[in-house]
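# An overview of the molecular structure
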Amino acid sequence: MELEMDVEDLLNKRKLESDRIEFKAGWNPDDIYHSVCAFANDYNNDGGGYIVVGVEEENGVAKRPVKGLPEYMLDSIQKDMLGYNNLISPPYFPQGIPAEVDEKWIFVIVVRTGQQRPYKSPEHVTSKKEKKYNYYIRYQTSSVKANSEQERELINMSDQTPFDCRANHKATFEDISPVLLEDHLRKTGSKLAKQVRERGVEEILNDMQLLIGPPELRYIQNVAIMMFCEHPEKFFGYTYVQMTSFPKGSIENPSISEDFPNITGSVPQMIQATMERFRNLIIREKVIKVPNQMEALRIFNYPYQAIEEAVVNAFYHRDYMSFEPVTIEIEPDCINIMNFPGIDRSISEKTIAEGKRFVSRYYRNRRLGEFLKELDLSEGHSSGIPTIQEELEKNGSPRAEFFTDEDRRAMRIRIPIHPAFLEADDEVLLPDSYEKATKKSSKKKIEQYEKILKLLNDGEWHKTAEIADNLGLKDTRTKELLKELIALDKLIDNGKTKGKLYRLK
């Protein structure tokens, strides 16, 4: 293993602040592990530090030539560290890297900000007696015991880093797709979109505050991998969508089933592909003629917006360290969408049973939610569950139900089918029924259809307001016509709940 920077820069304190480097003339574990603990706690959020063993200090800089260490000690130091690392609470494992300087050996301990901070270290790691533990922090160029106020602040810092904002120590900038990054920035209207190719991925991620660590070694935040990596499953196991259909019921006849191909890709790609599959294969519309009323009642087996919100929630609240995919099961009378883990314990069983609004005290992937909201895929302020229920109510469907086990290991959303789709499907509008539908429609509606199709014949995306203005109709009526043409396989939309656009299919 090699240092990520030139050893001369380290010894001369170039490119690094002096309080992030500590020189030790010899191997003194009791003293050194105070500094390991302090750098790991990173009280000042500097990015950790370096402990250079085998180098004496003179007037704040390394004394040259270096004192050095006997070569035989390099292996023994590394073996000693394995035991001492486990004595830190919780265990912490810094990197130990031998380096040759001035024809002598030194040993560099690289200590990054710990992901499980705060850490406590024994006052004497070498003591055989019962050990007294202390929190240590960096104060200027020294490692000191934290006082009671500093301890409280350290503890408060511990749980304030959601998983998606933590550093990923395996990912490199080559794992980030410039195309996905640019596409996201373009969709959100950011001026950075035009700079991706010119400035490169690293600089853009830095501007987006998606990097962690000191300038000489930057780590990519987990959320950047979720959003802009084409294969996030390389870093988060089983990150895909598994969808299965049970036409006769998973309990009644589980042997009859259809497994769809797994959906992979970045989180936005998986959400989009999942919703496209729902739109093309699962969601259906039905026309019900109402006596003494000109307009027929148009309903869906599952309203698109309710399904989309449930799918987005599954990715938003998923534990990306859990080796379980987002699982979707299509039953004859409902859709079950499952993700791991379950609902936060701060939400009572009564609230879960009511299925109204879940207000969590902890968000595992807060930044991911912000990105999805920018794409109009996620609702803010804990409004996802109300959105699902409202869309079902508007469609005339029963309310969704929410389930979790006693240990809160998994969450399941059950979205029931509209009761009308449990009856005969003689009025369902299938994609190939445009000609049949127009024969039954009034002359006025056919003219409206034709005006829309003519306007959208340029192959471009068009807003609802623009189409409504062209037709001389209100937005609500225009939206109804557009939905009908989508059901008749004449149009497609951009899949957004807000800022929806339409074009010819």
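The protein chain carries the name DNA binding domain-containing protein in an unreviewed UniProt entry, which gives Roseburia amylophila as its organism.

What follows concerns the overall build of the protein chain. A tally of regular secondary structure across the protein chain gives 17 helices and 24 strands. A buried classification covers 49% of the 505 residues belonging to the protein chain. When contacts within the protein chain are restricted to residue pairs at least 6 apart in sequence, long-range pairs at least 24 apart make up 64% of them. Per element, the accessible surface of the protein chain, about 26,200 Å² overall, is 47% carbon and sulfur.

Further remarks concern the sheet that holds strand β9 (residues 142-145). Read from one edge of the open sheet, three strands run β7-β8-β9, paired in antiparallel fashion. Of all strands in the sheet, those bounded by a partner on one side alone are β7 (120-122) and β9. On average, each strand axis in the sheet is inclined to that of its neighbour by 55°, with strand direction left out of account. Pairing of β7 with strand β8 (residues 133-139) involves three bridges; the strand directions are antiparallel. If you follow Lys 120 over to β8, its bridge partner there is Tyr 135. The strands touched by helix α2 (residues 29-41) are β7, β8 and β9; relative to β8, the strand with the most contacts, the crossing angle is about 70°.

Think of an α-helix as 3.6 residues a turn; residues three or four steps apart then line up on the same face. For helix α13 (residues 384-395), built from 12 residues, the straight-helix expectation of 16 Å at 1.5 Å per residue is met to within 8% by its first-to-last C-alpha distance of 17 Å. Burial in α13 covers these residues: Gly 384, Ile 385, Thr 387, Ile 388, Gln 389, Glu 391, Leu 392 and Asn 395. Where α13 is buried, its residues meet β16 (297-300), α10 (304-316), β19 (401-404) and β20 (411-416). Two residues or fewer past α13, Gly 396 is found with a positive phi of approximately 80°.

Listing the buried residues of helix α5 (residues 178-187) in full gives Leu 180, Leu 181, His 184 and Leu 185. Down the axis of α5, the sector holding all buried residues measures 130°, keeping them to one side. The outward face of α5, more than 90 degrees from its buried face, is lined by the exposed residues Val 179 and Arg 186. Looking one or two places after α5, you find Gly 189, whose phi comes out positive at around 75°.

Tallied over the entire structure, the rule returns seven aromatic pairs. Joined through ring pairs, the aromatic side chains of Phe 163, Phe 236 and Tyr 320 make up one cluster. Over the aromatic face of Phe 421 sits the side chain of Lys 286, whose NZ or CZ is 5.0 Å from the ring centroid. Seen from the ring of Tyr 320, Arg 318 lies directly overhead, with NZ or CZ sitting 4.9 Å from the centre.

What follows covers the sheet that holds strand β23 (residues 491-493). Reading across from one edge, β22-β24-β23 is the order of the three strands in this open sheet, with antiparallel pairing throughout. Edge positions in the sheet fall to β22 (462-463) and β23, since each has one partner strand and no second. Pairing analysis gives three bridges linking β23 to strand β24 (residues 501-504), with the strands arranged antiparallel. Residue pairing in the sheet places Ile 492 in a bridge with Arg 503 of β24. This element, helix α17 (residues 475-487), spans β23 and β24 of the sheet and lies at about 110° to β23.

This part covers the confidence of the model for the protein chain. Mean pLDDT for the protein chain: 85, with 87% of residues reaching 70 or above. Looking over the protein chain, one finds the lowest element-wise mean pLDDT in strand β21 (residues 428-429), namely 42, and the highest in helix α8 (residues 222-228), namely 96. Across residues 425-432 the pLDDT falls below 50, and counting only partners more than four positions away or on other chains, this stretch makes 19 contacts in the model.

Turning our attention to empty space enclosed by the protein. Overall, the coordinates contain two cavities of 30 Å³ or more when judged by the stated rule. The volume enclosed by the largest cavity comes to roughly 90 Å³. In this structure, the largest cavity is lined by Asp 19, Arg 20, Ala 38, Phe 39, Asp 42, Tyr 43, Asn 44, Asp 46, Gly 48, Arg 138, Tyr 139 and Gln 140. Within the residue set of the lining of the largest cavity, elements represented by two or more residues are α2 and β8. The residue inventory of the lining of the largest cavity, partitioned by class, reads four nonpolar, three polar and five charged.

To continue, consider the environment of Cys 37. By the element assignment, Cys 37 lies in helix α2. Judged by its relative accessible area of 0%, Cys 37 is buried. When sequence neighbours within four positions are dropped, the list of residues in contact with Cys 37 reads Tyr 119, Lys 120, Ser 121, Asn 134 and Tyr 136.

What counts, and at which threshold
Residues numbered from 1 in each chain as written. Predicted model: local features only at pLDDT ≥ 70, side-chain atom pairs only at ≥ 80, totals over all residues. Heavy atoms only, no water. Helix = DSSP H or I, 4+ residues; strand = E, 2+ residues; numbered from the N terminus. Buried < 20%, exposed > 50% of the residue type's maximum accessible area, 1.4 Å probe, protein only. Contact = heavy atoms within 4.5 Å. Areas by Shrake-Rupley, 256 points an atom, 1.4 Å probe, with all protein chains shown as cover. Pairing = 2+ DSSP bridges. Axes fitted to C-alpha atoms, helices over the stretch in contact; angles between N-to-C directions. Expected span 1.5 Å × (residues − 1). Arc of directions from axis to C-beta. Phe/Tyr/Trp six-rings, centres within 6.5 Å; stacked < 30°, edge-to-face > 60°. Lys NZ or Arg CZ within 6 Å of the ring centre and 35° of its normal. pLDDT = per-residue confidence, 0-100. 1 Å grid on protein atoms, 1.4 Å probe; cavity = no way out; pocket = protein on both sides within 12 Å on 5 of 7 lines; lining within 4 Å. Points joined across faces, edges and corners; volume = space filled by probe spheres on them. Nonpolar A, V, L, I, M, F, W, Y, C, P; charged D, E, K, R; others polar.

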